[in-house]
Structures are given as structure tokens and as C-alpha cells.
Protein chains: 2
Amino acid sequence: MEDEATARAVRDRFGYLLKLARERLAALIAARLEPFGVNGREVAVLSVLAEGKPPSQLEAAQRLAIDRTTMVALLDALERRGLVERRADPADRRRNIVVLTTAGHETLIGAARATDEAEEAFLAPISIRDRARLRRMLQALISGSDEGAGR
Amino acid sequence: MEDEATARAVRDRFGYLLKLARERLAALIAARLEPFGVNGREVAVLSVLAEGKPPSQLEAAQRLAIDRTTMVALLDALERRGLVERRADPADRRRNIVVLTTAGHETLIGAARATDEAEEAFLAPISIRDRARLRRMLQALISGSDEGAGR
DNA sequence: TATTGTTATACTCTATAACTATA
DNA sequence: TATAGTTATAGAGTATAACAATA
């Protein structure tokens with residue numbers, strides 16, 4: 001029985017570690033993304049639109065685990081800058097198919113590379129082998145829940 | 001050269017993995033903390049107050065990597081519920097030393113245990129050995145920056 | 001002059017509820 | 001009846017600027 005039995009150091013908690021890790025990565029990404037005029041979430045949206053066949057707004061939101069109402073504002077901003085276009089789905093006119101414009105594709109190329117560099121800088125303190133381990137562990141921790149279908 | 005050279009899957013990015021991991025842990029903690037009437041951040045504050053000698057508001061904020069203006073509202077809420085007390089520092093009357101009340105200490109005991117259980121549930125998908133690895137990796141990634149002094 | 005705590009304010013990210021148009 | 005997109009709204013969490021008290 002220790003003196004501080006109840007007071008496990010906050011710095012050892014995973015909540016704290018995950019918070020700081022994410023903040024550090026976000027800062028690195030933000031710095032490298034600045035020249036492209038998009039933020040990390042917007043790059044994620046552009047990436048999703050480039051993966052496989054163009055999704056509807058709802059599908060895009062689900063792939064990113066964000067709310068569909070959040071996606072509306074996100075796409076408004078991207079469309080205003082001419083990076084994406086909404087097109088009514090002929091097969092189901094309730095849906096908007098979202099596609100990258102040429103400008104959007106070009107922005108994605110540069111921004112994706114910048115994000116890769118930021119991740120590289122983030123991961124620099126650990127070995128290549130540990131980076132793969134870390135990715136696998138995080139994936140295992142995430143799929144422990146039934147996320148993905150969720151939101 | 002692949003077809004999707006620019007579109008590295010969003011799900012493979014560490015930003016996405018860290019976001020979802022943190023969300024899952026937060027949900028597990030929130031569920032187990034409900035009976036104690038405190039949230040995760042408040043438990044973190046109580047923990048910091050119990051570690052070593054009682055800190056000032058600013059010191060408590062720095063140890064948690066949160067802003068001192070955020071700490072004001074956090075302590076207001078905890079003090080209103082009788083879990084902490086602010087005491088003017090006799091040595092420097094600009095500072096408030098923040099201490100746990102008896103009720104605060106009792107809440108911390110139960111809430112810290114509940115948080116431990118939530119972390120255990122969160123980490124269940126990976127081996128004990130990997131949990132230690134994960135903690136070490138995250139700590140290495142965090143200290144790659146000059147956090148801690150920051151804010 | 002600088003620092004601690006405080007207040008006011010605002011911004012980001014997120015979620016809920018209710019509406020519309022389609023199905 | 002149910003779904004996709006939208007709007008309005010609100011709630012966390014955070015940060016900035018400016019102020020009072022104190023150093």
C-alpha cells in the first residue's frame with residue numbers, strides 16, 4: 001500500500017498520452033498544410049472523395065466517422081473554394097454525389113504529401129518497426145468497439 | 001506508380017487512428033464515471049491535486065497541459081460541489097493553492113478506480129506486453145516536442 | 001514591469017432536433 | 001414511413017485579450 005495509491009500519475013494515463021500525441025500531430029500537420037489553404041479535416045474529406053467511387057455526403061461522413069451535419073459545412077467551404085462539386089445522384093435524387101474538381105485533385109496531391117511529411121516528423125522518435133506496431137495496436141484498439149457503422 | 005498514389009487511405013493515417021482511439025477511450029471512461037458525478041477532465045484535475053504538494057491553479061493547469069483560463073471554470077465547478085478548495089498562498093498572495101476536500105479525496109478514490117477499469121477495457125484487445133510498448137511509444141512521440149513547459 | 005487569477009469573448013468541433021424533398 | 005441533405009441551435013473544449021491584485 002502506497003501513500004498515493006489512488007493518485008496514479010495523470011501523465012501515465014492513456015487519455016493524457018493520446019490527447020498530447022494527437023495535439024502534437026495536429027500541430028505538425030497544420031504547419032505543413034498552411035500553404036495549401038486547407039486544414040487536416042478538409043484533406044481527409046478530399047482523400048475520401050478520391051478513394052474508390054465518389055461517395056454521397058452521407059457515405060463520405062461515415063467513412064470519416066464524422067456527423068452528416070458536420071459534413072454539410074465542410075463541403076460548403078470546399079465547394080466555395082472550387083475544390084469539390086455536389087452532383088445530384090440520378091439514381092436517387094435525395095443524394096448528392098460529391099466529386100473532386102481538377103483544382104481539388106491538385107490540392108489533394110500536394111496536401112497529402114505534406115501530411116505524409118508531417119506524420120513522418122511525428123513518428124521520427126520511434127523506429128520504423130515500432131511505427132508499424134503502433135499502427136496495428138491502434139487499429140486493434142479501435143476495432144474493439146463497433147465503430148464504423150456508428151454515426 | 002499506383003492509380004491512387006495521392007489518396008493514401010484515410011483510415012491508415014495516424015490522425016484518424018488517434019482520433020478514434022481517443023473517442024473510444026473517452027466513451028468507456030464517461031460510462032464508468034457517471035455514478036461519481038465527475039467527468040474525465042475533472043478526475044484528471046483531482047488527481048493532479050493529490051500528486052505531491054498541492055499546486056497553484058497555474059501549476060495544476062500546466063501539469064495537465066490545459067490553459068489557465070480553462071482551469072478557472074473547471075475549479076469553479078469542482079468547488080461548487082465541495083470537492084476542492086482554493087486557499088490564498090500566504091507566501092504569494094497572487095496565487096491560489098488548490099486542495100482536495102475530504103469529499104474530493106473520496107470521489108477521487110472511486111473515480112480513479114473506475115478510470116483504471118475503463119483503461120483496462122480499452123486495452124483489452126492487445127497483450128500486456130504491447131500495452132507497455134504502446135505507452136512507451138506514445139511517451140516518446142510526445143516528448144519529441146517541447147511540450148510540458150508550453151502553455 | 002511581470003505574474004496569477006479572472007472575465008468576456010470567440011472559435012472549432014461536435015451533436016440534436018426539426019424541416020424539405022425525395023423514396 | 002424512412003432516408004439524404006439542410007438549417008438552427010447548443011454544448012463541449014479551447015484560446016486570446018484585457019483587467020485587478022500582487023509581486
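The structure under discussion appears in the preceding block.
Source: prediction; values computed, not measured.

### Description of the interface of chain B and chain A
Next up, step 1: Listed by partner, the interface residues are 57 residues for chain B and 57 residues for chain A.
Next up, step 2: Both sides together, the interface formed by chain B and chain A hides about 5,500 Å², and carbon and sulfur atoms give 64% of it.
Next up, step 3: Between chain B and chain A we count four salt bridges in total.
Next up, step 4: One salt bridge in this structure joins D116 of chain B and R13 of chain A, with 2.3 Å as the shortest N-O distance.
Next up, step 5: Summed over the shared surface of chain B and chain A, the result is 14 residue pairs in polar contact (both at pLDDT 80 or more).
Next up, step 6: At the level of elements, helix 1 (14–33), helix 2 (40–50), helix 3 (57–64), helix 5 (102–123) and helix 6 (128–143) of chain B are the ones that each hand at least two residues to the side of chain B that touches chain A.
Next up, step 7: With 12 residues, helix 1 of chain B is the single largest residue contributor to the side of chain B that touches chain A.
Next up, step 8: Taken together, the residues of the side of chain B that touches chain A sort by class into 29 nonpolar, nine polar and 19 charged.

### Points about the relation of the copies chain B and chain A
Next up, step 1: Take chain B, turn it by 180 degrees, move it 0.0 Å along the axis, and it overlays chain A with an RMSD of 0.0 Å. Here the symmetry operator amounts to a two-fold rotation axis.
Next up, step 2: Mapped onto chain A, 100% of the interface residues of chain B are again interface residues, and the two copies thus contact each other with one and the same surface.

### Overview of helix 6 (residues 128–143) of chain A
Next up, step 1: Its 16 residues give helix 6 of chain A an end-to-end C-alpha distance of 23 Å, which sits within 8% of 22 Å, the value for a rise of 1.5 Å per residue.
Next up, step 2: Against helix 5 (102–123) of chain A together with helix 1, helix 5 and helix 6 of chain B lie the buried residues of helix 6 of chain A.

### Remarks on the pairing of strand 2 (residues 96–100) of chain B
Residues and elements named next belong to chain B.
Next up, step 1: With four of five residues buried, strand 2 lies mostly within the body of the structure.
Next up, step 2: In terms of strand pairing, strand 1 (residues 84–88) meets strand 2 through five bridges, oriented antiparallel. In the strand pairing of strand 2, R86 is matched with V98.

### Regarding the environment of R93 of chain B
Next up, step 1: With respect to the helices and strands, R93 of chain B occurs in the loop between strand 1 and strand 2.
Next up, step 2: R93 of chain B sits 60 residues away from L33 of chain B along the chain, and the two C-alpha atoms are 35 Å apart.

### As for the packing of helix 1 (residues 14–33) of chain A against helix 6 of chain B
Next up, step 1: Packing of helix 1 of chain A against helix 6 of chain B brings their axes to within 9 Å, and their N-to-C directions diverge by 40 degrees. With respect to their mutual orientation, helix 1 of chain A and helix 6 of chain B come out oblique. Classified by chirality, the crossing of helix 6 of chain B by helix 1 of chain A is left-handed. Note on element contacts: helix 6 of chain B touches helix 1 of chain A through R131, L134, R135, L138, Q139, L141 and I142 of chain B, opposite F14, L17, L18, L20, A21 and R24 of chain A.

### Some remarks on the side chain of T115 of chain B
Next up, step 1: Note on placement: T115 of chain B falls in helix 5.
Next up, step 2: The residues touching T115 of chain B, leaving out its near neighbours within four places in the chain, are R13 of chain A together with I29, L33 and V43 of chain B.

### So, helix 2 (residues 40–50) of chain A
All names here are of chain A.
Next up, step 1: With nine of 11 residues buried, helix 2 is to be regarded as a mostly interior element.
Next up, step 2: Buried-residue contacts for helix 2 involve helix 1, helix 3 (57–64), helix 4 (68–80), strand 1 (84–88), strand 2 (96–100) and helix 5.
Next up, step 3: Sitting at the amino-terminal end of helix 2 is N39, which places a side-chain oxygen 3.1 Å from the backbone nitrogen of R41.
Next up, step 4: G52, located one to two residues past helix 2, shows a positive phi value of around 60 degrees.

Cut-offs and rules
Residues numbered from 1 in each chain as written. Chains lettered and ligands numbered in written order. Predicted model: local features only at pLDDT ≥ 70, side-chain atom pairs only at ≥ 80, totals over all residues. Heavy atoms only, no water. Contact = heavy atoms within 4.5 Å. Buried area = accessible area lost by both parts, 1.4 Å probe. Salt bridge = Lys/Arg side-chain N within 4 Å of Asp/Glu carboxyl O. Polar contact = N/O pair within 3.5 Å; in protein donor to acceptor, adjacent residues only side chain to side chain. Helix = DSSP H or I, 4+ residues; strand = E, 2+ residues; numbered from the N terminus. Nonpolar A, V, L, I, M, F, W, Y, C, P; charged D, E, K, R; others polar. Least-squares fit on C-alpha atoms with pLDDT ≥ 70 in both. Expected span 1.5 Å × (residues − 1). Buried < 20%, exposed > 50% of the residue type's maximum accessible area, 1.4 Å probe, protein only. Pairing = 2+ DSSP bridges. Axes fitted to C-alpha atoms, helices over the stretch in contact; angles between N-to-C directions. Parallel < 35°, antiparallel > 145°, perpendicular 65-115°, else oblique. Left-handed = near helix turned anticlockwise from the far one by under 90°.

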